[in-house]
Amino acid sequence: MGAGGEPSGRIKGAAVRQILLWMQEHEPAGRMQRLARSLETDGERIHRELPALGILSSRWYPASMFHGFCDEIVRDLGREGARRLAREGGTEALERSFTLVHRMLLRRVASPKLHRALAPRLWGAHFDTGRVEVELLEPGRSIVRYTDWTSHHPFICDLCTFSDLIIYGAMGLDGVEVAQLTCVDEGDADCAHSVTWATAPS
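Basis of the calculations
- Residues numbered from 1 in each chain as written.
- Predicted model: local features only at pLDDT ≥ 70, side-chain atom pairs only at ≥ 80, totals over all residues.
- Heavy atoms only, no water.
- Pairing = 2+ DSSP bridges.
- Helix = DSSP H or I, 4+ residues; strand = E, 2+ residues; numbered from the N terminus.
- Axes fitted to C-alpha atoms, helices over the stretch in contact; angles between N-to-C directions.
- Disulfide = S-S within 2.5 Å.
- Buried < 20%, exposed > 50% of the residue type's maximum accessible area, 1.4 Å probe, protein only.
- Parallel < 35°, antiparallel > 145°, perpendicular 65-115°, else oblique.
- Contact = heavy atoms within 4.5 Å.
- Nonpolar A, V, L, I, M, F, W, Y, C, P; charged D, E, K, R; others polar.

S.K.: How should I be thinking about the sheet that holds strand E5 (residues 177-182) in this particular structure?
M.R.: Hydrogen bonds between backbone groups are what pair the strands of a sheet, and the pairing can be parallel or antiparallel. With antiparallel pairing, the four strands of this open sheet are ordered in space as E3-E4-E6-E5. Looking at the sheet topology across the chains shown, the edges are occupied by strand E3 (131-138) and E5. For this sheet, the mean angle separating the axes of adjacent strands, direction not counted, is 20°. In this structure, strand E4 (residues 141-147) lies alongside strand E6 (residues 191-196), joined through six bridges in antiparallel fashion. Each residue of the ladder has a partner; that of Arg 145, found in E6, is Ala 192.

S.K.: How should I be thinking about the state of the cysteines in this particular structure?
M.R.: Here, disulfide denotes a covalent bond that connects the sulfur atoms of two cysteines. Within the structure shown, the criterion is met by zero disulfides. The cysteine Cys 183 is free of any disulfide, with Cys 191 supplying the nearest cysteine sulfur at 3.9 Å. Note on Cys 183: relative accessible area 2%, which makes it buried.

S.K.: Would you mind showing me how to read the packing of helix H1 (residues 14-26) against helix H3 (residues 63-97) here?
M.R.: When two helices pack together, you describe them by how their axes are tilted relative to each other and by the distance separating the axes. One way to put it is that H1 packs onto H3 with a least axis distance of 8 Å and a crossing angle of 100°. Overall, the two elements H1 and H3 adopt an arrangement that is roughly perpendicular. Only Phe 66, Phe 69, Ile 73, Leu 85, Gly 89, Gly 90, Glu 92, Ala 93, Arg 96 and Ser 97 of H3 make contact with H1, whose side of the interface consists of Val 16, Gln 18, Ile 19, Leu 20, Trp 22, Met 23, Glu 25 and His 26. Classifying every residue of the contact of H1 with H3 gives ten nonpolar, five polar and three charged.

Geometric values such as these leave the question of function open.
Put into structure tokens, the structure is as follows:
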């Protein structure tokens, strides 16, 4: 959070576009209308008739805009319901966005070590504040840690956490699981989750 507890920084539309597309298919129309209103600000106009409410993957948006949307989700579903949405809807939405070429490339060249090296670049493509570090503590286990993330919201944090189910799975790893370890929303100094898997890619 920025000064006074307000979120600062910007978030790329790609960070939330896929979950918006999924919700337009699965959520009641009334809820989507409320969510659309929560995205509207003095400087932004939402196009309710367009896919993902007109949110563009390539455009940067103020973090405060998405915080209103995420707050509405948590109010509507409760904290645990929002976490389930991030896991079930978020992972399905991300998986859909992977083309066959993406999958073949990830399975062929990606690995936890490469993910550790590329994670900062991937982070910077979606958020303009904060840092990500990936620690490979032992075979079959990594820790992903987010620090200095002033545009943090617990729902977006959940989306990031559960995205690793798809990313690590696409590497050809079996039995991938994630578990949240810390979160600034709970008073911790940073946000971190573990990723575990059963086997190395063949």
